[in-house]
Amino acid sequence: MMLRSCWKSRHKKSFGPGPCWIRPGLAALLWLCVTQFICGSEAVGETKNVVQKDAEFDITYNDTVTSENQTIYAFNHTISRNKTEGVRVSVDVLSQGFESPILFVVRQKQAVLSFQVPLILRGLYQRKYPYNHLGRTLCQPPTRAASETQYFFVDVSTLSSQGTNYQLRVSRVESFTLQTDKKFSFTASPSQPQYFKYVFPDGVDTVIVKVNSDMTFPCSVMSVQDIQCPVYDLDNNVAFIGMYQTMTKKGAITVQRKDFPSNSFYVVVVVKTEDEACGGPLRFYPLRPDELIDAGNRTKVLDVVVSPAINSEVYVMGMLFCLGIFLSFYLLTLLVACLENRRMKKRREVFLNPADMSPAETASLLGKNGDGKTPASPYEYGSFADNGSTLSSEAITDSATSTDNNYGYMERSLDSVGRSRQESLSSVEEDDYDTLDDIDSDKNIVRTKKFLCVSDLARKDKRVLSKKYQIYFWNIATIAVFYALPVIQLVITYQTVVNVTGNQDICFYNFLCAHPLGALSAFNNILSNLGYVMLGLLFLLIVLKRDIVHNRALVRNDLNALECGIPKHFGLFYAMGTALMMEGLLSACYHVCPNYTNFQFDTSFMYMIAGLCMLKLYQKRHPDINASAYTAYACLAGVIFFSVLGVVFGKGNMVFWIVFSVIHILATLLLSTQLYYMGRWRMDAGMLRRMVYVIYTDCIRQCSGPMYIDRMVLLVMGNIVNWSLAAYGLIERPNDFASYLLAIAICNLLLYFAFYIIMKLRSGERIKCLPLVCILFTAVVWGFALYFFFQGLSTWQKTPAESREHNRDCILLSFFDDHDIWHFLSSIAMFGSFLVLLTMDDDLDTVQRDKIFVF
């Protein structure tokens, strides 16, 4: 009966003759009846006046609406297939009728848009913001006809018994269709969103949509949506479909033609009701739940420009460039190896056939040994195990008996040096030697001498130590597998979520230089990590070659390989190369979707690399007392554990920073004690008593200097640096705890490396040409790398919108940005640093170990 009454009431009182009903058709009639039925506020039998007016564009209509009358404005306009014309409806309510708002319903051929005025938009904690002035753009569905006249109606109604004044204006939108590379400026507000259409031109498959503003606030959202109705252009529904991101001053979305079957899309810009999502201040909490809050002036001026993105040729050039850079290191390494082998071959010929060469040729080959001096001993050429060639033991022995040795070499039988190298390594255990009473007592005597030599700390069987240090490699390989697999699974899930939801606030890309490929959103940031993998593999090959040559020398009982130089243990080098490769893989995984929750992926193996480098430096002169793989990785696991805690709980948490600073300082003191006494101290109940006794005897009873001055200098400097870093963290409490922790590791590594170099030169040792070149080259590359690192193209320490303010365009081949160059240079610098550690003690290969000082 209600529906029937509706039909009769409207038919009798409103329209009269039929033509008014013929134009909108049957659908409009049914819509009016259903609307009247849903309202349900008028009693059965009560009539309502419905007035339809023919309206025109660009004319402002001032009218009044009550619960007893309803006004319908009829518009028509001509659309064409080749041209899309935007239509915008603007409404302004002049009365403050919040309890009974006016309902506007816009009926089109294929869409219906309805909104109330005043419009109530909600913020956080259900805060309500009323807007009396609204502006909405009508959805324009495509037409198949060359030209077509379409009608649409604006229905105005209310339930208020009192008259409410309003203004209605319908106008055409100029520049509704965006042109390629042409900037268009406009204004928007929460109640007046804007959107525009863009059609892909022929030959362009990818474009980048950039929206910019000189105003940081109010916070806004840019969205890219398919051509369909309705268009979601309000703060509470803009995230329903398409791709979207919050923005303050900058926003950019890369759009591919394959994602839009109609070869066109809408660019939607919405101003949010609050600024909290963009890092702005949060408004006060309303005293009453239904209290309306004045939003103030939230109009924002923006401009939009759509530009073609790079084509497939740039992708190919970027990949070839990346491969070419790192393959050149393989070629350079091969060239250096060939030249070195050729030089070693000539030197070998000098020893084997010295009478076949003139004195001048002999002097030119033998007279200079990197420092312009005549070699002090034939053992300087006796074994080139690390350089790829080794003389026979017979030649070495003959020359040793006939040449003066300035290093004070004392000949010993090769039989007394060690057991046969053919014995299986699996039959030898480190504990077999450590548990002997005489060896244990010898440790306390030897390691507490004032001046130690490498021979004092290289007393264990080489097979035992080789097996011990190989565990470093196998452990890190196992860690890498168990760590990498779930990481890869997780980042694939991240990327899937981004692609499905369209929420580009999940990942902190440099959106102005993020080139998609397949399902990946920023392929260039992933590709640039290739250097870590390729150079890590190259380093492993270099270490493998040296390891093979050294083992061959041991099998021949080569005297230099057995008793001269820094003891060769390659397990840590293998672990370092593996860690560098894993850093590349995990950094690529992090850049699939960079954010604060997975930043640990990018830093975990950086901690590993820093720790392994420090262990390798210490192992060079302390091979017998270096930490085991289990202890080292357990400590690194603790570092990563604190890294996770810092990321999750450390932001502004004073309690966490106090606990961490105390642990940091205590760990520094314990490690200093361990290093100073070479492990010959005990942590037990009597430790405090012994400390007091030492302080009393050495500082109070008599003022005596430290027994090990060099070690004390290093440890004092290390404690100053670490205490300073702990104080900085406690005072400043940086948000990026993971980077702060990495800075601690790098500072300690650099301090120890500088100390090692200074002490090496102070002890009368020298640095050969190759490691010297590596040191200088690496230092320069690190300098440039850090410059690009601190450019800061994005940061997850801020909101996604604030992070986008740091975005910048590509600077290399229109494909790579500053952070990609950081990846290139840092991978090269790490590779160079590893080469320095591998070759810096090559000058000692012919020096007897009891002449090499420990520091």
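Residues numbered from 1 in each chain as written. Predicted model: local features only at pLDDT ≥ 70, side-chain atom pairs only at ≥ 80, totals over all residues. Heavy atoms only, no water.

Participant: Quick one: what's the story with the state of the cysteines, residue by residue and with numbers?
Facilitator: Inspection of every chain in the model, using the stated rule, returns 4 disulfides. Here Cys-139 engages in a disulfide with Cys-229; their sulfurs sit 1.8 Å apart. Given an S-S torsion of about -85°, the disulfide between Cys-139 and Cys-229 has left-handed geometry. Of this pair, Cys-139 sits in the loop between β9 (133-137) and β10 (147-158) while Cys-229 sits in the loop between β15 (220-226) and β16 (243-247), and the two are 90 residues apart along the sequence. Residue Cys-139 is classed as buried on the basis of its relative accessible area, which comes to 6%. (Disulfide = S-S within 2.5 Å. Helix = DSSP H or I, 4+ residues; strand = E, 2+ residues; numbered from the N terminus. Buried < 20%, exposed > 50% of the residue type's maximum accessible area, 1.4 Å probe, protein only.)

Participant: Outline helix α20 (residues 769-789), supporting the account with residue identities and numerical values.
Facilitator: Look at α20: 30 Å from first C-alpha to last across 21 residues, which is about the 30 Å you get at 1.5 Å a residue. Residues of α20 that are buried: Pro-771, Cys-774, Ile-775, Thr-778, Val-781, Ala-785 and Phe-788. An end-on view of α20 places all buried positions within 150° of arc, on one side of the element. Away from its buried face by more than 90 degrees, α20 exposes Cys-769, Leu-776 and Tyr-787. At its buried positions, α20 is contacted by α19 (737-762) and α22 (818-839). (Expected span 1.5 Å × (residues − 1). Arc of directions from axis to C-beta. Contact = heavy atoms within 4.5 Å.)

Participant: Explain the confidence of the model for the protein chain to me, using residue names and the numbers behind them.
Facilitator: In this model, the protein chain carries an average pLDDT of 80, and 78% of its residues clear a pLDDT of 70 or more. Mean pLDDT across the elements of the protein chain ranges from a minimum in helix α6 (residues 393-402), with 35, to a maximum in α22, with 95. Ignoring residues within four places in sequence, the model shows residues 1-45, a span with pLDDT below 50, making 49 contacts including any to other chains. Every residue in residues 363-441 is under pLDDT 50, and counting partners more than four places away or in other chains gives 148 contacts. (pLDDT = per-residue confidence, 0-100.)

Participant: Please set out a nonpolar patch on the surface residue by residue, giving values where relevant.
Facilitator: A contiguous nonpolar surface patch, about 540 Å² in accessible area, is contributed by Met-654, Ile-658, Val-662, Leu-666, Leu-669 and Trp-723. Of all the elements, helix α16 (residues 654-676) adds the most residues to the nonpolar patch, at 5 residues. Relative to the elements of secondary structure, Leu-666 occurs in helix α16. Judged by relative accessible area, Leu-666 falls into the partly exposed class, the value being 49%. (Patch = residues over 30% accessible without salt bridge, like charges linked within 9 Å, V, L, I, M, F, W, Y side chains within 5 Å. Areas by Shrake-Rupley, 256 points an atom, 1.4 Å probe, with all protein chains shown as cover. Salt bridge = Lys/Arg side-chain N within 4 Å of Asp/Glu carboxyl O.)

Participant: Mind laying out the sheet that holds strand β11 (residues 164-173), listing which residues take part and the relevant values?
Facilitator: With antiparallel pairing, the 4 strands of this open sheet are ordered in space as β2-β11-β4-β9. Of all the strands in the sheet, the pair left with one neighbour each is β2 (60-65) and β9. Direction aside, neighbouring strands of the sheet carry axes that sit 20° apart on average. Bridge count for strand β4 (residues 86-93) against β9 is 5 bridges, and the pairing is antiparallel. (Pairing = 2+ DSSP bridges. Axes fitted to C-alpha atoms, helices over the stretch in contact; angles between N-to-C directions.)

Participant: Before we move on, could you go through the sheet that holds strand β18 (residues 264-271) and cite the residues and values that matter?
Facilitator: Strand pairing within a sheet occurs via backbone hydrogen bonds; the two strands may be parallel or antiparallel. Read from one edge to the other, the open sheet built from 4 strands follows the order β13-β18-β15-β16, with strand pairing classed as antiparallel. Of all strands in the sheet, those with a lone pairing partner are β13 (194-199) and β16, marking the two edges. Each strand axis lies, on average, 20° off the axis of its neighbour in the sheet, ignoring direction. Alignment of β15 against β16, held across 5 bridges, turns out to be antiparallel. Bridging from a neighbouring strand, Val-224 pairs with Met-243 of β16.

Participant: I'd love a proper account of the side chain of Ser-160, names of residues and values included.
Facilitator: Relative to the assigned elements, Ser-160 resides in the loop between β10 and β11. Polar contacts involving the side chain of Ser-160 include one to the main-chain carbonyl oxygen of Gln-162, which spans 3.2 Å. Filtering out sequence-adjacent residues up to four positions away, Ser-160 remains in contact with Thr-66, Ser-67 and Ser-100. (Polar contact = N/O pair within 3.5 Å; in protein donor to acceptor, adjacent residues only side chain to side chain.)

Participant: Tell me about the packing of helix α13 (residues 571-592) against α22, and name the residues and values.
Facilitator: Following both chains from N to C, one finds α13 and α22 inclined at 170°, their axes separated by 11 Å at the closest point. With respect to their mutual orientation, α13 and α22 come out roughly antiparallel. Counted together, Phe-573, Met-576, Gly-577, Leu-580, Ser-587 and His-591 of α13 and His-819, His-823, Met-830, Phe-834, Leu-837 and Leu-838 of α22 form the full contact between these two elements. Of the residues belonging to the contact of α13 with α22, the class tally is 7 nonpolar, 5 polar and no charged. (Parallel < 35°, antiparallel > 145°, perpendicular 65-115°, else oblique. Nonpolar A, V, L, I, M, F, W, Y, C, P; charged D, E, K, R; others polar.)

Participant: Residues and numbers for the environment of Tyr-752, please.
Facilitator: With respect to the helices and strands, Tyr-752 occurs in helix α19. Excluding residues that lie within four positions of it along the chain, Tyr-752 makes contacts with Met-614, Leu-617, Tyr-618, His-622, Leu-714 and Phe-855.

Participant: Run through the packing of helix α15 (residues 629-649) against α19, naming residues and quoting values.
Facilitator: Helix packing for two helices is described by the angle between their axes and how far apart those axes are. Where α15 meets α19, the closest approach of the two axes is 8 Å, and the angle between their N-to-C directions is 145°. When α15 is examined against α19, the residues Val-639, Phe-642, Ser-643, Gly-646 and Val-647 are found in contact with a partner set consisting of Phe-737, Ala-738 and Leu-741. Here the residues of the contact of α15 with α19 are counted per class, giving 6 nonpolar, 2 polar and no charged.

Participant: I'd like to hear about the pattern of salt bridges, residue by residue, with values.
Facilitator: Here the structure, examined in full by the defined rule, presents 22 salt bridges. The partner of Asp-841 in a salt bridge is Lys-620, and the shortest N-O contact between them spans 3.5 Å. Remark: Lys-620 occurs in helix α14 (residues 599-621) and Asp-841 occurs in the segment after α22; sequence separation between them is 221 residues. Each member of the pair, Asp-841 together with Lys-620, is buried. Salt bridges here are not isolated pairs; linked through shared partners, they connect Lys-620, Arg-621, Lys-760, Glu-765, Asp-841 and Asp-843.

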